[in-house]
Amino acid sequence: MSAVPVSAQVQTEVSTGKDSLYVIGTERSVDVVDTTGLEVDRRDSVVFNPDPMKAVWLSALVPGLGQIYNRRYWKLPIVIGGFMGLTYAVSWNGRYYTDYSQAYRDVMDSDPTTDSYINFLPYNRRNDKAWIESNTEWLKSAMKRKKDFYRRNRDLCIISMIGVYVVAMIDAYVDAQLYHFDITPDVSMNLLPAVMEPTPFSKTSLGLQCAITF
């Protein structure tokens, strides 16, 4: 219940024997008390009006800060969760890309001491030098495919992080612009018969006309 200060005149009755004297007091402010018996605050609520440009700059400074400024707290886990997930994906794919790049370089050279690619072989093949020598070309191709696969995934994750960053800025700006947009539930749709005028390519025909009111 809203608190509204009201002014009232205090009427005091003074008894003087048989007659009664009514004295009109001065005006004073009294508080309206709601049905629960709790005194309602007199202060008027301040309407929050976010600044779109401030929301954009805050979101550019720290992803998710613009959503906090707009008081859309439920969006914060989405933005932060997206960044954390993509950051982990970049790190995970980057680590495997580094390992397979080194393995590819080792399998391509002729130095027998550089054999990090053996770590990617099954346990029963790691000490089988005859099998490794007979499948050298396949190993080169496999290491190259794996290297390119993880590099592509790492790059896609980086691009996705940039996309989430930009989307968070756009969302903060649009949300601030439409913060006081009136979304009324009074939406109606009317379907009416209509006559289609003839054209050089068609004859007169009947159809439906749709009108949406909101």
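Relevant structure appears above.
What you are looking at is a predicted structure, and each value in this text was computed from that prediction instead of being measured. (Residues numbered from 1 in each chain as written. Predicted model: local features only at pLDDT ≥ 70, side-chain atom pairs only at ≥ 80, totals over all residues. Heavy atoms only, no water.)

(A) Seen up close, the overall build of the protein chain. On a plain count of helices and strands, the protein chain comes out with five helices and four strands. When the helices and strands of the protein chain are listed from N to C terminus, the series reads β-β-α-α-α-α-α-β-β. Expressed as a percentage of its 214 residues, the buried residues of the protein chain come to 21%. Summed over all atoms, the accessible surface of the protein chain reaches about 16200 Å², with 60% contributed by carbon and sulfur. (Helix = DSSP H or I, 4+ residues; strand = E, 2+ residues; numbered from the N terminus. Buried < 20%, exposed > 50% of the residue type's maximum accessible area, 1.4 Å probe, protein only. Areas by Shrake-Rupley, 256 points an atom, 1.4 Å probe, with all protein chains shown as cover.)

(B) Layout of the packing of aromatic side chains. Across all of its chains, the model carries nine aromatic pairs by this definition. When the ring of Tyr96 is compared with that of Tyr150, the centres are 5.1 Å apart and the planes differ by 20°; the resulting orientation is stacked. Here Tyr150 lies in helix H5 (residues 136–177) and Tyr96 lies in helix H3 (residues 76–108), a separation of 54 residues in the sequence. With a relative accessible area of 28%, Tyr96 lands in the partly exposed category. Judged by relative accessible area, which is 8%, Tyr150 ranks as buried. Look at Trp131 and Trp138: their rings are 6.2 Å apart centre to centre, the planes differ by 70°, and that puts the pair in the edge-to-face class. Three or more aromatic residues joined by ring pairs form one cluster here, namely Trp92, Tyr96, Tyr100, Phe120, Phe149 and Tyr150. When the ring centre of Tyr104 is taken as origin, the NZ or CZ atom of Lys147, which lies over that ring, is 5.4 Å away. (Phe/Tyr/Trp six-rings, centres within 6.5 Å; stacked < 30°, edge-to-face > 60°. Lys NZ or Arg CZ within 6 Å of the ring centre and 35° of its normal.)

(C) Molecular detail of the nonpolar core. One finds Val107, Tyr117, Leu121, Ile132, Leu139 and Met143 to be the most contacted residues of the largest nonpolar core, which totals 13 residues. Looking at this core, the elements with two or more residues in it are H3, helix H4 (129–134) and H5. Look past the residues within four positions of Tyr117 in its chain and what remains in contact with it is Ala103, Asp106, Val107, Ile132, Leu139 and Met143. Among the nonpolar cores identified, the runner-up in size contains five residues, and Phe48, Ala55, Tyr69 and Ala176 belong to it. (Core = buried A, V, L, I, M, F, W, Y, C linked by side-chain atoms within 4.5 Å. Contact = heavy atoms within 4.5 Å.)

(D) View of the pattern of salt bridges. This structure, assessed with the given rule, holds eight salt bridges. As a salt-bridge pair, Lys75 and Asp171 come within 2.9 Å of each other at their nearest N and O atoms. One end of the pair, Lys75, is in the loop between helix H2 (65–69) and H3; the other, Asp171, is in helix H5, and 96 residues separate them in sequence. What you see here is one network of salt bridges that share partners, running through Arg72, Lys75, Asp171 and Asp175. (Salt bridge = Lys/Arg side-chain N within 4 Å of Asp/Glu carboxyl O.)

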